[in-house]
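Results of the structural survey
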Amino acid sequence: MIHLDFTPPDDAAWHAWIQEVRTAVEKMLADVTGKPKIDAALYKRQRDRLLAATHQKCAYCELSLTAGQRKGDVEHYRPKGRARRMDGKIVKVLRDGVEIDHPGYYWLAYNYHNLLPACSACNRRAGDAASGMNTGKSDIFPTLDDHWAACPEEVPAEQPALLNPWLDDPAQHLFFDPDTGVVAGITERGRITVHLLGLNRDGLPEERKKACEDLRRTLQISIGDAARDDVHSADLGTLQSVRDGSAEYAAICRVECRRVRQKVMEFLAPFDERPPGVP
């Protein structure tokens with residue numbers, strides 16, 4: 001998982017969509033009698049734009065969505081229809097002094113910061129052979145203080161436990177080990193994110209480890225070529241994809257790049273000192 005940037009486009013199609021979204025949300029908020037009706041086609045309309053911003057990868061685990069996953073799911077960070085706790089129980093909130101089931105964050109159903117392209121394994125609840133537990137987000141949305149917003153005005157006070165790649169920097173919460181491919185949370189939010197999404201689910205650490213092994217070979221070749229001022233363009237492209245985040249599993253590959261860089265610097269450190277008698 002890496003931090004993602006999305007700059008809203010300045011074109012007629014986007015502005016028309018934004019206006020349509022505003023009208024739909026206003027209608028839902030005005031209807032206090034029935035269950036909000038969410039138009040799936042409306043929020044999925046921007047899937048290609050969002051997918052481009054995630055470099056054609058799952059926003060959570062960085063699995064490529066170009067092969068075998070079609071275009072992935074359009075995942076709602078804050079669930080649109082209902083909200084459940086980590087233990088699977090439906091969240092309860094107060095409305096007019098009466099305790100009710102959380103209605104879901106329907107007013108954020110079309111908010112692009114609430115929409116994330118995701119693979120089915122991250123988005124849908126299922127059993128995991130590696131951990132023996134159910135993993136995948138589904139409509140689970142944990143908070144750090146067991147407080148959930150029941151209306152738009154309460155959202156700013158909410159303390160989400162799950163990381164949002166659009167808004168958070170995962171590098172501050174997650175540690176990736178290139179030798180094993182395993183990711184660990186170094187904060188409470190990081191630990192909850194790893195556990196909920198199953199970021200160490202069956203096969204995923206092995207894929208991340210292989211990505212680091214492949215990158216390591218590229219780095220070894222490139223360092224030698226750099227000494228001859230002759231780095232192959234394909235190798236430069238591989239390294240650039242890690243830097244810009246477009247590489248599959250870029251988060252752990254960035255860790256490997258920094259580690260190799262540190263080793264090279266330590267190896268060359270003695271040459272920073274001038275031998276005795278050399279001016």
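A quick note: this is a predicted structure, and the numbers were derived from the prediction, not measured.

Turning our eyes to something else, we now look at the overall build of the protein. Counting its secondary structure elements, the protein contains eight helices and eight strands. C-alpha extents for the protein along the principal axes are approximately 85 × 45 × 40 Å. Evaluated residue by residue, the protein yields a buried proportion of 42% over its 279 residues. Considering only intrachain contacts with a sequence separation of at least 6, the fraction spanning at least 24 residues in the protein is 65%. Accessible area for the protein stands at about 15,200 Å²; split by element, carbon and sulfur atoms hold 52% of it.

For the rest of this paragraph, the subject is unusual backbone geometry. Negative phi values dominate among residues other than glycine, just as trans dominates among peptide bonds. Backbone geometry at Gln56 places phi at a positive 65 degrees, although glycine is not the residue there. With respect to the helices, strands and loops of the structure, Gln56 is situated in the loop between α3 (47–53) and β1 (73–76). You will see that Glu62, though not glycine, has its phi angle at about 70 degrees, which is positive. With respect to the secondary-structure elements, Glu62 resides in the loop between α3 and β1. Judged by its relative accessible area of 3%, Glu62 is buried.

This paragraph deals with the pattern of salt bridges. Taken as a whole and judged by the stated rule, the model has 16 salt bridges. Here Asp168 and Arg189 are joined by a salt bridge, their closest N and O atoms 3.0 Å apart. Here Asp168 is found in the loop between β6 (134–135) and β7 (174–176), whereas its partner Arg189 is found in helix α5 (residues 188–197), with 21 residues between them in sequence. With respect to burial, Asp168 and Arg189 carry one shared label: buried.

On to the pairing of strand β3 (residues 98–101). Pairing between strand β2 (residues 92–95) and β3: four bridges, direction antiparallel. Each bridged residue has a counterpart across the sheet, and for Leu94 the counterpart in β3 is Glu99. Count of turn residues in the β2/β3 antiparallel hairpin: two residues, of which Asp96 carries a positive phi of about 55 degrees.

Position of Trp148 among the secondary structure elements: in the loop between β6 and β7. Ignoring sequence-local partners within four residues, the contact set of Trp148 consists of Arg85, Val91, Val93, His102, Tyr105, Phe141, Pro142, Thr143, Glu154 and Glu158. A distance of 2.7 Å separates a polar atom in the side chain of Trp148 from the backbone oxygen of Phe141.

A word on helix α7 (residues 233–244). Taking 1.5 Å per residue as the helical rise, α7 with its 12 residues ought to reach 16 Å, and the 16 Å between its terminal C-alpha atoms agrees with that figure. Of all the positions in α7, only Asp235, Ser241 and Val242 are classed as buried. All buried residues of α7 lie within an arc of 120 degrees about the axis, which places them on one face of the element. Turned more than 90 degrees off the buried face of α7, the exposed positions are Ser233 and Arg243.

Here the focus is helix α1 (residues 12–30). Its 19 residues give α1 an end-to-end C-alpha distance of 27 Å, which sits within 8% of 27 Å, the value for a rise of 1.5 Å per residue. The set of residues buried in α1 consists of Trp14, Trp17, Ile18, Val21, Val25 and Met28. Taken around the axis of α1, the buried residues stretch over an arc of 100 degrees, which confines them to a single face. Pointing more than 90 degrees away from the buried face of α1 are the exposed residues Ala12, Glu26, Lys27 and Ala30. Those residues of α1 that are buried lie in contact with α2 (40–44) and α3. Of the residues that open α1, the one with a side-chain oxygen 3.3 Å from the backbone nitrogen of Ala13 is Asp11.

This part takes up the packing of aromatic side chains. Under the counting rule described, the total for this entry stands at nine aromatic pairs. A centroid spacing of 5.6 Å and a plane angle of 55 degrees characterise the contact between Phe6 and Trp14, whose relative ring orientation is tilted. Ring centres of Phe6 and Tyr112 lie 5.3 Å apart, and the angle between their planes is 55 degrees; this geometry places the pair in the tilted category. Remark: Tyr112 occurs in the loop between β3 and β4 (115–118) and Phe6 occurs in the segment before α1; sequence separation between them is 106 residues. Under the relative-accessibility criterion, Phe6 is labelled buried at 13%. The rings of Phe6, Trp14, Trp17, Tyr112 and Trp166 are connected pair by pair, giving a single aromatic cluster.

Here is what the cut-offs are and how they apply
- Residues numbered from 1 in each chain as written.
- Predicted model: local features only at pLDDT ≥ 70, side-chain atom pairs only at ≥ 80, totals over all residues.
- Heavy atoms only, no water.
- Helix = DSSP H or I, 4+ residues; strand = E, 2+ residues; numbered from the N terminus.
- Buried < 20%, exposed > 50% of the residue type's maximum accessible area, 1.4 Å probe, protein only.
- Contact = heavy atoms within 4.5 Å.
- Areas by Shrake-Rupley, 256 points an atom, 1.4 Å probe, with all protein chains shown as cover.
- Salt bridge = Lys/Arg side-chain N within 4 Å of Asp/Glu carboxyl O.
- Pairing = 2+ DSSP bridges.
- Polar contact = N/O pair within 3.5 Å; in protein donor to acceptor, adjacent residues only side chain to side chain.
- Expected span 1.5 Å × (residues − 1).
- Arc of directions from axis to C-beta.
- Phe/Tyr/Trp six-rings, centres within 6.5 Å; stacked < 30°, edge-to-face > 60°.

Read these as spatial facts, not as claims about activity.
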